[in-house]
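Letter by letter, the chains look like this.
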Amino acid sequence: MPAPLHIRDIGEDRKAALETEAKAAGKSIADVVRDWIDAGIAKSRAEREQAAWIAAAREGIADEARHLERNGPSLARFRQVGAGKP
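Every chain is numbered independently, its residues counted from 1 as its sequence is written. Only residues with pLDDT of at least 70 are given local features in this predicted model, and only at 80 or more are side-chain atom pairs given and counted; all residues enter the totals for whole chains, interfaces and linings. Heavy atoms from the whole structure form the basis of all side-chain values; hydrogens and water molecules are not counted.

Below, the discussion takes up the overall build of the chain. Starting at the N terminus, helices and strands are each numbered in turn, a helix being any DSSP run of H or I of at least four residues and a strand any DSSP run of E of at least two. Along the chain, the regular secondary structure elements total 2 helices and 0 strands. Exposed residues in this analysis have more than 50% of their type's maximum accessible area, buried residues have under 20%, and partly exposed residues fall in between, with area computed by a 1.4 Å probe over protein chains only. Burial analysis of the chain (86 residues in total) assigns 9% to the buried set. Here the Shrake-Rupley method, with its probe set to 1.4 Å, supplies the accessible areas, and only the displayed protein chains count as covering residues. Counting only carbon and sulfur atoms, one obtains 57% of the accessible surface of the chain, whose full area is about 7,500 Å².

Given below as structure tokens:
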């Protein structure tokens, strides 16, 4: 079983709210707080990964736009698989 989580100086209102949430969930306050921390970390990590994916996609779109400006539209750029086969 995990050790108790020591939380200092969070105020009586927060402590009371945590106790209420823990009782409602049937868990210890420490377990509720750990769950919330884990959920926050997972959300933050997912948001960073999404932002990185969006940045990479923007770079790809910018590359495609530059290619179109230089060369105009062409399907030949995407026809590499099976090239030269009838």
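Read on for the rest.
With 14 residues, helix α1 (residues 12-25) extends 20 Å between its outermost C-alpha atoms, agreeing within 8% with the 20 Å of an ideal straight helix rising 1.5 Å per residue. Following α1 by one or two positions, Gly 26 adopts a phi angle in the positive range, close to 70°. One less than the number of residues in a helix, times 1.5 Å, gives the span that helix is expected to have.

The subject of this paragraph is the pattern of salt bridges. We define a salt bridge as a contact between a side-chain nitrogen of Lys or Arg and a carboxyl oxygen of Asp or Glu at a distance within 4 Å. Following the criterion strictly, the structure yields 5 salt bridges and no others. With a closest N to O distance of 2.4 Å, Asp 35 and Lys 27 form a salt bridge. Residue classification places Asp 35 among the partly exposed positions, given a relative accessible area of 35%. Relative accessible area serves as the criterion here: at 40%, Lys 27 is assigned to the partly exposed category. With a closest N to O distance of 4.0 Å, Arg 66 and Asp 63 form a salt bridge. Taken together, the residues span about one helical turn, with Arg 66 and Asp 63 both in helix α2 (residues 29-71) at a distance of 3 residues. With a relative accessible area of 43%, Arg 66 lands in the partly exposed category.

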